[in-house]
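Next come the chains, spelled out residue by residue.
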Amino acid sequence: MSGTRLYICCGSGGVGKTTTSAAFALQLALSGQRVAVLTIDPARRLADSLAVGPLGNEPQTVPLERLNPVPGGQLDGMMLDMKATFDDVVRRFAPDAESRDRILQNRYYRFVSTRLAGSHEYMAMERIFALYESGQYDAVVLDTPPTRHALEFLKAPERMSNLMDEGVMHWLSLPRDSFGFRALERGSEAVVAVLKRLIGGETIEEIAEFFHVFQGMWAGFRERSVQVRALLRGPNTRFLLVTTPAPAARAEAQEFVQLLRRDGLPFGGFFVNRVLPAPSTSQALSAELLPKRPEAIPHAEWEQICAGVRQATVYQARLASAEAPALAELRREAGDAPLWTLPEQDADVHSLDALAAVSALLAPAVAQLSRR
Ligand SMILES: Nc1ncnc2c1ncn2[C@@H]1O[C@H](COP(=O)(O)OP(=O)(O)OP(=O)(O)O)[C@@H](O)[C@H]1O
Ligand SMILES: [Mg+2]
């Protein structure tokens, strides 16, 4: 068994999963580990911070030598390419070259390989499993696809394999002259019309061919999914929840931990992102700290600016303390599990140095998670 550790960063849409996973992975690398991070659709500036060229499906080594001091670890970044990953899976499991080519050229395959519900998540799992198996890394960090809800990621692969497994799969792979096939052919014209519009051409034939050829690969898929299941429940995996101090976060955190427990998935802790830092004082700033009025600014206007600046610490302290109850609730939810906070940053991550600055804040998380 590979000693690679696996960290899966889940969370609702827009909470900062991609940013946090990249920063966390970088911090693991800065602590001397060989790390791979699989990001999903990173913001352009974040992708540019990680890579020298365009970030793609193949691991690209992040130029850590640009940092000062140069760290001992290694970080490979990549961005999930659904189609390329699904193609790799087909190549691996196809029983022969002919079946492989028939699937890869099938129009229905090209359609489902990027759009089937749950396939995004399935492919992400597939990709990390390959990284894990390669034995090249001490740690693999997975960012997860944008979902409305953090829990959807956990449910998706199951949904996909149910769909592929018994139901549609068996029905559609019946021989062409069978009742099932004819029923489908004659079946709901509306559905067929929609599919035709989406895929174009000889829809039904291609769908039937896809499932027919695909059936030959299904045993491989199933075996693989059993291995992935085992890996996700293994001692080297930790699920992490990226969240924010928003009022809805508590219910989500609670549900997340419960679902992990129910499914026997190991919980690693919470990253609470975008926490407003409390200022060093909650008093208004002394007028003496402010500069002299520049000639160009009229007296009344300057007074207003100064009043605003002087009160900034008061407002910031008020906002930070308004978040305190939500944070306390999250801490209670975490129980014995760790919770780390990541403050709101002034600007988006736009360079490797900026990412390193954010990742330094995650040093306690790296230390704690690496200790086990
Ligand atoms: N701590 C932070 N301070 C300031 N901005 C942040 C912080 N964390 C994330 N952001 C910004 O919030 C936006 C969303 O972040 P990110 O893309 O990491 O979220 P996500 O959870 O991956 O989103 P999606 O669900 O769409 O994948 C980005 O513009 C990012 O720069
Ligand atoms: Mg994201």
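That block above? That's the structure.
These remarks concern the structure in this document. Here the structure is a predicted model, which means the values were calculated and not measured.

What counts, and where the lines are drawn
- Residues numbered from 1 in each chain as written.
- Chains lettered and ligands numbered in written order.
- Predicted model: local features only at pLDDT ≥ 70, side-chain atom pairs only at ≥ 80, totals over all residues.
- Heavy atoms only, no water.
- Near = heavy atom within 4 Å.
- Polar contact = N/O pair within 3.5 Å; in protein donor to acceptor, adjacent residues only side chain to side chain.
- Helix = DSSP H or I, 4+ residues; strand = E, 2+ residues; numbered from the N terminus.
- Nonpolar A, V, L, I, M, F, W, Y, C, P; charged D, E, K, R; others polar.
- Phe/Tyr/Trp six-rings, centres within 6.5 Å; stacked < 30°, edge-to-face > 60°.
- Contact = heavy atoms within 4.5 Å.

Before going further, it helps to examine the site of ligand 1. Close to ligand 1 lie 14 residues; Gly14, Lys17, Thr18, Thr19 and Gln345 are nearest. One of the backbone nitrogen or oxygen atoms of valine 15 is found 3.2 Å away from an oxygen atom of ligand 1. Asparagine 273 places a polar side-chain atom, nitrogen or oxygen, 2.8 Å from a nitrogen atom of ligand 1. When contributions to the shell around ligand 1 are tallied by element, the ones reaching two or more residues are helix 1 (17-30) and strand 7 (267-275). For the shell around ligand 1, the element with the highest residue contribution is helix 1, accounting for 3 residues. Taken together, the residues that form the shell around ligand 1 break down as 3 nonpolar, 7 polar and 4 charged.

What follows covers the packing of aromatic side chains. This structure, assessed with the given rule, holds 7 aromatic pairs. Ring centres of phenylalanine 256 and phenylalanine 267 lie 6.5 Å apart, and the angle between their planes is 70°; this geometry places the pair in the edge-to-face category. Of this pair, phenylalanine 256 sits in helix 13 (residues 249-263) while phenylalanine 267 sits in strand 7, and the two are 11 residues apart along the sequence. Through a chain of ring-to-ring contacts, the aromatic side chains of Tyr7, Phe24, Phe271 and Trp340 assemble into a single cluster.

Our next topic: the side chain of threonine 237. Mapped onto the elements of the fold, threonine 237 is located in strand 6 (residues 237-243). Only 2.7 Å separates the side chain of threonine 237 from the backbone oxygen of leucine 231, close enough to count as a polar contact. When near neighbours in sequence (up to four residues on either side) are disregarded, threonine 237 contacts Leu6, Ile8, Leu231, Leu232 and Pro266.

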